[in-house]
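# Chains, contacts and geometry: an overview
Residues per chain, in single letters:
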Amino acid sequence: QVQLVESGGGVVQPGGSLRLSCVLSGRSFSLVTMAWFRRAPGKEREFVAAIRGSGASVYYLDSVKGRFTISRDNAKNTVYLQMNSLKFEDTAVYYCAADVDNSAFYYDDRTYDHWGQGTQVTVSS
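Residue numbers restart at each chain and count upward from 1, following the sequence in its written direction. It should be noted that, the model being predicted, local features are given only for residues of pLDDT at least 70 and side-chain atom pairs only at 80 or more, the latter also being counted only at that level, while totals for whole chains, interfaces and linings use all residues. Remark: hydrogens and water are excluded; side-chain values derive from all non-hydrogen atoms of the structure.

### Details of the nonpolar core
- Side-chain atoms within 4.5 Å are what join buried Ala, Val, Leu, Ile, Met, Phe, Trp, Tyr and Cys residues into a set we call a nonpolar core. A simple rule labels every residue: compare its accessible area, found with a 1.4 Å probe on the protein chains alone, to the largest value its type can have, and call it buried under 20%, exposed over 50%, or partly exposed in between. In this structure, M34, W36, L81, M83 and Y94 are the most contacted members of the largest nonpolar core, which totals 29 residues.
- Secondary structure elements are defined from DSSP: runs of H or I of at least 4 residues count as helices, runs of E of at least 2 residues count as strands, and each element is numbered from the N terminus. Looking at this core, the elements with two or more residues in it are β3 (18-25), β4 (33-39), β5 (46-51), β7 (68-73), β8 (78-83), β9 (92-99) and β11 (119-123).
- When sequence neighbours within four positions are dropped, the list of residues in contact with M34 reads L4, C22, L24, F29, A49, A50, I51, I70, R72, V79, A97 and A98.
- Formed by seven residues, the second largest nonpolar core is a distinct cluster that contains A35, A50, Y106 and Y112. Contact between two residues is taken to exist if any of their heavy atoms lie within 4.5 Å; hydrogens are not considered.

### Digging into the state of the cysteines
- In this description, the term disulfide denotes a pair of cysteine sulfurs within 2.5 Å. Enumeration according to the criterion identifies one disulfide in this entry.
- The disulfide partner of C22 is C96, and the gap between their sulfur atoms is 1.9 Å. Between C22 and C96 the disulfide shows an S-S torsion of about 45 degrees. By sign, it is right-handed. One end of the pair, C22, is in strand β3; the other, C96, is in strand β9, and 74 residues separate them in sequence.

### Focus on the environment of L4
- Mapped onto the elements of the fold, L4 is located in strand β1 (residues 3-7).
- Taking the C-alpha atoms as reference points, L4 and D99, separated by 95 residues in sequence, lie 12 Å from one another.

### Concerning the pairing of β7
- Residue alternation in β7 divides its side chains into a buried set, F68, I70 and R72, and an unburied set, T69, S71 and D73.
- Strand pairing is assigned whenever DSSP identifies at least 2 bridges connecting the two strands. Relative to β8, β7 is paired through six bridges, and the arrangement is antiparallel. Residue pairing for β8: R72 is matched across the bridge by V79.
- Remark: four residues form the turn of the hairpin made by β7 and β8, two consecutive strands paired antiparallel; N77 in that turn has positive phi of roughly 55 degrees.

### Some remarks on the pairing of β4
- Buried residues dominate β4, accounting for six of its seven residues.
- Sheet topology note: the β4/β9 ladder contains seven bridges and is antiparallel. Paired with W36 across the two strands is C96, which belongs to β9.
- Hairpin connection of β4 to β5: six residues between the antiparallel strands, including G42 at a positive phi of 75 degrees.

### Considering the sheet that holds β8
- Taken in spatial order, the four strands make up an open sheet running β1-β3-β8-β7, and their pairing is antiparallel. The sheet is open, and its two edges are formed by β1 and β7, each paired on a single side. Strand after strand, the sheet turns through a mean of 15 degrees between neighbouring axes, direction not considered. For every element, the axis is a line fit to its C-alpha atoms; helices are fit only across the contacting stretch, and the angle between N-to-C directions ranges from 0 to 180 degrees.

Structure, rendered in structure tokens:
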């Protein structure tokens, strides 16, 4: 059974940083595309970042490029999202997701088979 467990959310001031982590169990981690999505209050869930199994290919939402970094440690079955220079508009519940088929449509949440429970990130002064 595939499980995703996230951690690392919290409250941070604008301009601050947080690092989210997500551990996958029940699947060969290095063969899976991993991603982060988020859902802000009153909005639909949106793609944030994705990383292929080898780590060689990464993709980002335009508004987080240069501020967020997705990475993975295949030895620890863990994907990370380092978030720097946080803005009010980054406030959301963040979800990690796993795509075992490595679809080309990494930005589409329908691609992903498995989801974490979500972790709240609040940017507030």
